[in-house]
Amino acid sequence: MSNATGERTFSTKGRTVKAKTFPLIPPGNHKGTMGADATIGKSDKPDAVPYVNVSFEVEGTAASDGGKNQRVFHMLFLSVLAGKDGEINTERNGGIVELAQALNTDLDDCPIVEKTVQDTEGNDVKLEYLDPKYVAEWVKSFSGSELAFRIKTEKGTGGYPDKSKIQKFLLPAE
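Thresholds applied
Residues numbered from 1 in each chain as written. Predicted model: local features only at pLDDT ≥ 70, side-chain atom pairs only at ≥ 80, totals over all residues. Heavy atoms only, no water. Helix = DSSP H or I, 4+ residues; strand = E, 2+ residues; numbered from the N terminus. Rg over C-alpha atoms; globule rule 2.2 N^0.38 Å. Buried < 20%, exposed > 50% of the residue type's maximum accessible area, 1.4 Å probe, protein only. Contact = heavy atoms within 4.5 Å. Areas by Shrake-Rupley, 256 points an atom, 1.4 Å probe, with all protein chains shown as cover. Lys, Arg positive; Asp, Glu negative; His and termini not counted. Charge placed at Lys NZ, Arg CZ, Asp CG, Glu CD. Salt bridge = Lys/Arg side-chain N within 4 Å of Asp/Glu carboxyl O. Polar contact = N/O pair within 3.5 Å; in protein donor to acceptor, adjacent residues only side chain to side chain. Arc of directions from axis to C-beta. Phe/Tyr/Trp six-rings, centres within 6.5 Å; stacked < 30°, edge-to-face > 60°.

Student: Could you give an account of the overall build of the chain, naming the residues involved and the relevant values?
Tutor: Per the secondary structure count, the chain includes 2 helices and 8 strands. In sequence order, the chain lays out its α and β elements as β-β-β-β-α-β-β-α-β-β. The C-alpha atoms of the chain give 21 Å as radius of gyration, which overshoots the globular expectation for 174 residues (16 Å, by more than 25%). Projecting the C-alpha coordinates of the chain onto the three principal axes gives extents of approximately 75 × 50 × 35 Å. Buried positions account for 29% of the 174 residues belonging to the chain. At a minimum sequence separation of 6, the contacts of the chain that also span at least 24 residues come to 55%. Accessible area for the chain stands at about 12,100 Å²; split by element, carbon and sulfur atoms hold 48% of it. For the chain, the centre of its 22 positive side-chain charges and the centre of its 25 negative side-chain charges are spaced 11 Å apart.

Given below as structure tokens:
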């Protein structure tokens with residue numbers, strides 16, 4: 001008697017995609033845990049500054065008992081030059097300075113990258129930003145750290161749905 005089984009195959013023919021929708025995280029103050037997934041991203045523009053993307057697990061957001069909590073993804077902007085409003089990205093709400101304060105630590109000796117690139121019109125643009133590899137490794141070193149943050153709902157654009165976003169990191173109670 002043989003224990004052989006027939007060959008199994010799969011086809012996409014006639015199947016439909018079932019889009020998963022996630023409920024928005026209620027706006028307000030939440031506690032969460034920093035993920036280990038710090039990645040470096042950059043817009044397609046030639047004069048874009050890289051950023052570090054990291055996720056946070058938000059406590060109390062599981063759809064059912066024993067289920068997984070939702071995650072919120074956050075971009076840490078790295079430019080150390082003042083924007084059009086005179087503010088520096090690293091010092092804004094939700095920035096690297098506020099994240100370090102919420103973790104009750106400091107980001108020390110981070111190299112600053114300086115380069116001149118051309119924008120889409122061919123004009124020289126000077127960029128100065130924190131080394132994204134250094135920042136990503138620093139963020140990863142806090143994987144699993146608990147902290148508090150305020151979440152807001154950001155309206156979707158370009159056909160994308162609304163999303164939950166970290167508005168600011170909250171400082172630990174002193």
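Student: Tell me what's going on with the pattern of salt bridges, and back it up with residues and numbers.
Tutor: With the rule as written, the count across this model stands at 8 salt bridges. Residue K165 is joined to E154 by a salt bridge in which the shortest nitrogen-to-oxygen separation is 3.1 Å. With K165 in strand β8 (residues 163-170) and E154 in strand β7 (residues 146-154), this pair connects stretches of sequence that are 11 residues apart. Note on E154: relative accessible area 26%, which makes it partly exposed.

Student: Please set out the side chain of E128 residue by residue, giving values where relevant.
Tutor: Secondary-structure assignment places E128 in strand β6 (residues 124-130). Judged by its relative accessible area of 17%, E128 is buried. One polar contact links E128 to K126, side chain to side chain, over a distance of 3.0 Å. Every residue in contact with E128, bar those within four places of it in the chain, is listed here: L78, S79, V80, L81, I112, V113 and E114.

Student: I'd like to hear about helix α2 (residues 132-140), residue by residue, with values.
Tutor: Inspection of α2 places P132, V135, A136, W138 and V139 among the buried residues, and these make up the whole buried set. Seen from one end, α2 has its buried residues packed into an arc of 160°, which puts them on one side. If you follow the buried residues of α2, they end up packed against β1 (28-34), β2 (39-41), β3 (51-58), β4 (71-77), α1 (96-102) and β6. Between the side-chain oxygen of the N-cap and the backbone nitrogen of K133 there are 2.9 Å, and the N-cap of α2 in question is D131.

Student: Which residues make up the packing of aromatic side chains, and what values do they have?
Tutor: Counted according to the given criterion, the structure contains 4 aromatic pairs. With centroids separated by 5.7 Å and ring planes inclined at 55°, the aromatic side chains of F56 and F169 adopt a geometry described as tilted. Here F56 is found in strand β3, whereas its partner F169 is found in strand β8, with 113 residues between them in sequence. Across this residue pair, the class does not change: F56 and F169 are buried. Taken together, a centroid distance of 5.0 Å and an interplanar angle of 65° make the contact between W138 and F142 edge-to-face. Using a relative accessible area of 10% as the deciding quantity, one classes W138 as buried. Judged by its relative accessible area of 16%, F142 is buried. An aromatic cluster of at least three residues, connected via ring pairs, comprises F56, F149 and F169.

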